[in-house]
Amino acid sequence: MKYLKINTAPNADLEALKNAILQMKGVDSVEIIDDENPESELKKAFAKTKEQFKKGDYETLVNDIFDILTKK
């Protein structure tokens, strides 16, 4: 799976942007992630965790989770 990161202006209509992107061929889903929100960061980490488990990359997995939990 590949991801596309779009940086928006503070006043952007994110729902309209999300709906427009969902209309494009080949787009399965769109998720709005707020980098200022720590929950979003944790969500990204768990998505990455699934891939690391599949690959058996346990050392990187533990380090990534530790970094997120101790991030200030």
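Residues numbered from 1 in each chain as written. Predicted model: local features only at pLDDT ≥ 70, side-chain atom pairs only at ≥ 80, totals over all residues. Heavy atoms only, no water.

## Some thoughts on the layout of surface pockets
In step 1: In this structure, the largest pocket spans a volume of roughly 1,600 Å³.
In step 2: Elements with a contribution of two residues or more to the lining of the largest pocket: α1 (14-22) and α2 (38-55).
In step 3: When residues of the lining of the largest pocket are assigned to their parent elements, the largest contribution, nine residues, is made by α2.
In step 4: Among the residues making up the lining of the largest pocket, the classes are represented as 14 nonpolar, five polar and 14 charged. (1 Å grid on protein atoms, 1.4 Å probe; cavity = no way out; pocket = protein on both sides within 12 Å on 5 of 7 lines; lining within 4 Å. Points joined across faces, edges and corners; volume = space filled by probe spheres on them. Helix = DSSP H or I, 4+ residues; strand = E, 2+ residues; numbered from the N terminus. Nonpolar A, V, L, I, M, F, W, Y, C, P; charged D, E, K, R; others polar.)

## Looking at the environment of Glu31
In step 1: Of note, Glu31 is situated in the loop between α1 and α2.
In step 2: For Glu31, a relative accessible area of 47% translates into the label partly exposed.
In step 3: Sequence spacing of Glu31 and Lys18 is 13 residues, and the spatial spacing of their C-alpha atoms is 7.8 Å. (Buried < 20%, exposed > 50% of the residue type's maximum accessible area, 1.4 Å probe, protein only.)

## A look at the confidence of the model for the protein chain
Parts of the model with low pLDDT should not have their predicted coordinates read in detail.
In step 1: The predicted model of the protein chain has a mean per-residue pLDDT of 81, with 86% of residues at 70 or higher.
In step 2: Least confident of the elements in the protein chain is α2, whose mean pLDDT is 73; most confident is α1, at 92. (pLDDT = per-residue confidence, 0-100.)

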